[in-house]
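Below, each chain spelled out in residue letters.
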Amino acid sequence: MSDEADRAEFAEFASNINVAIGNIFDGLGVLSAQVACIWKQARTAGGRPRLRDLGCLEADAVRLLGIKSLRIHGAGVVLAPGEIADADMHIEWWCGESDHSVHPLKLDFNRRSDSFYNYLTMPWYSRVRDTGKPCVAGPFVDVNGTEEYIVAFSVPMFDGDRFIGVAAADVSLESLEPLLVRGLMRFPNEAVLLNADGRVLAANTPSWMAGDLVRPREASNYRCGVVGLNAFPVYWTVMQGQSPRNSMV
Amino acid sequence: MPATSHLIRFKQEGKTESVIRHLEEMIALGLLAQGEQLPREPILAARLGVAPVTLRDALAVLRTRGVIETRRGRSGGSFICAAPQSSVQALYTRLRGFSALELRDYTDEHVAIAAAAAELAAQRAGPDEHERLQMLIDALGAAGDAREQRQADARFHIEIAVAAQSVRLTHSEVRLQAELGELLWLAYGAEPDIPAMQREHSAIVEAIKANDSALAVALARAHVIKEMRKLTSLRLEQIAQLE
């Protein structure tokens, strides 16, 4: 295959991925704009928002959960400590079940309690807080909620320049993987899609499985191309091998 | 009556009790939080792999024990209200109810799951997973009472399966911790040697960090076998005392 055809193939792959996940980022953008609005109103009124002010986010979260092409387990906003007048830490989160019912998630944020859910240390929160940029974390096994293999999409929320939390959505890799594989199967050689940590999201070959970690020394035998996600400084990597994908290993 | 129908009936009768214990242990382990809403009954039944009627019976018992409450209306559903407490007496009674064969079978299963999880964690865990495992070793040291210690210990073992990137192994480890967790802790006695336990956990994490699958498997296996031996010997003593 010529270099040019190769590049075209790659560009199409990247664009298909962005189509598949584009409406997730769109939905998160709507949530974070809505939150910025609530914070601005509270500031104008001379105070901090209260828990009851967040109820209006439900419609936008439910719209995200309704995205048909993917299985989205949960969506909502996760707030930085001290942002809400009547709570320290707080998640305003809705879960979608397989029968399309939606219910709010209530978690324990008492720091002294056994079941304290400390999201401040979770990568989908801490990375966004530390960089101020969107993040796609995972896949990881979600032991606190769905007991599924999850890819978490999150974007920062700001009040002016101040970080006030993240808007996030949990997508099961199971629903995302077929979309990714469809693209990978168009590459003639073995190809693997990796997240920023080098973990496999999808592969067109049984040589690699979702969840495997590809270490830098292993990647050195492959040709790597970067897939920018949604024009954000967030990347996945496609790793292409030398051998045709249908050769048995 | 064919022999298999006895088998099925026996399993169904035991199911409600094991669903109750599973949910109570999930709460005790902090995997289900106070105030958290349980999924709707058909979904929860499917997730636990039990018949809806079995789940309904189990929820009714949990309701009378004050572990969950059920509210009606638009934002209704079943909510967790309090962590259940099993008395030491009830735990000893449960332990005496195990046959030697059952305990050996549990050991076999627990070794299989823990070893597979450790092996895959050594291959698949990255810096994030290493950090979480270390956090749970620290949490074991910082725990204020036996319940917090047991929780940190169980969460450590579950986290190895999480680091292995396996939903099924995680599910199995959660179930095993839910079924055996409290009993294992009973076997450690009144004053468990926490630093020794932390050293064993650290050794497993070091093997995982070094990508040394074989060592991680050997250490995880030895750790589980040691715990289960303590439990077996506690059961034998209990039986002797009854004589």
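Because the structure is predicted, anything quoted here is derived from the model rather than measured.

Conventions and cut-offs
- Residues numbered from 1 in each chain as written.
- Chains lettered and ligands numbered in written order.
- Predicted model: local features only at pLDDT ≥ 70, side-chain atom pairs only at ≥ 80, totals over all residues.
- Heavy atoms only, no water.
- Domains from an automatic or database assignment.
- Contact = heavy atoms within 4.5 Å.
- Buried area = accessible area lost by both parts, 1.4 Å probe.
- Salt bridge = Lys/Arg side-chain N within 4 Å of Asp/Glu carboxyl O.
- Polar contact = N/O pair within 3.5 Å; in protein donor to acceptor, adjacent residues only side chain to side chain.
- Helix = DSSP H or I, 4+ residues; strand = E, 2+ residues; numbered from the N terminus.
- Nonpolar A, V, L, I, M, F, W, Y, C, P; charged D, E, K, R; others polar.
- Pairing = 2+ DSSP bridges.
- Axes fitted to C-alpha atoms, helices over the stretch in contact; angles between N-to-C directions.

Undergrad: So what exactly am I meant to see when it comes to the domain arrangement of chain B here?
TA: The accessible area lost on association of the parts is a frequent measure of interface size. Residues and elements named next belong to chain B. The domain architecture assigned to chain B consists of domain 1 (3-80) and domain 2 (88-242). Domain 1 and domain 2 are separated by 24 Å when their C-alpha centres are compared. The partner domain 2 presents 12 residues to the nine residues of domain 1 that form the contact. Between domain 1 and domain 2 lies a buried interface of about 960 Å² when both sides are counted; carbon and sulfur atoms form 57% of it. Area buried by domain 1 at its contact with domain 2 is led by R21, E25 and L29, which between them contribute 57% of it.

Undergrad: Teacher, can you tell me more about the interface of chain A and chain B here?
TA: Opposite the 32 residues of chain A that make contact, chain B presents 36 residues. For the pairing of chain A and chain B, the buried interface totals around 2,700 Å² over both sides, and the portion due to carbon and sulfur atoms is 44%. Applying the counting rule to chain A against chain B returns four salt bridges. Linking chain A to chain B there are nine residue pairs in polar contact (both at pLDDT 80 or more). For the side of chain A that touches chain B, the secondary-structure elements that each account for two or more residues are strand 3 (102-105), helix 3 (123-131) and strand 4 (135-141) of chain A. Taken together, the residues that form the side of chain A that touches chain B break down as 10 nonpolar, eight polar and 14 charged.

Undergrad: Help me understand the pattern of salt bridges in this model?
TA: Between side chains of opposite charge, a pair can form as their charged atoms come close. Applying the stated criterion to the full structure yields 23 salt bridges over all chains. Residues E97(A) and R47(B) are paired through a salt bridge, measuring 3.4 Å at the closest nitrogen-oxygen approach. On the criterion of chain membership, the pair formed by E97(A) in the loop between strand 2 (90-96) and strand 3 and R47(B) in helix 2 (residues 41-48) is interchain, its members lying in two chains. Its salt-bridge partner being R127(A), residue D128(B) comes within 2.7 Å of it at the nearest N-O pair. One end of the pair, D128(B), is in helix 6 (residues 127-142); the other, R127(A), is in helix 3, on a second chain.

Undergrad: Explain the sheet that holds strand 3 of chain A to me, please; I cannot follow it from the model alone.
TA: Residues and elements named next belong to chain A. Here we have six strands laid out as an open sheet, ordered 3-2-1-6-5-4, and antiparallel in their pairing. A single partner strand is all that each edge strand has here, and the edge strands are strand 3 and strand 4. Looking at each pair of strands side by side, their axes are set apart by 20° on average, direction ignored. Of the pairings in the sheet, the one linking strand 1 (residues 72-79) to strand 6 (residues 162-172) comprises seven bridges and is antiparallel in character. Counterpart to A75 in the pairing with strand 6 is A169.

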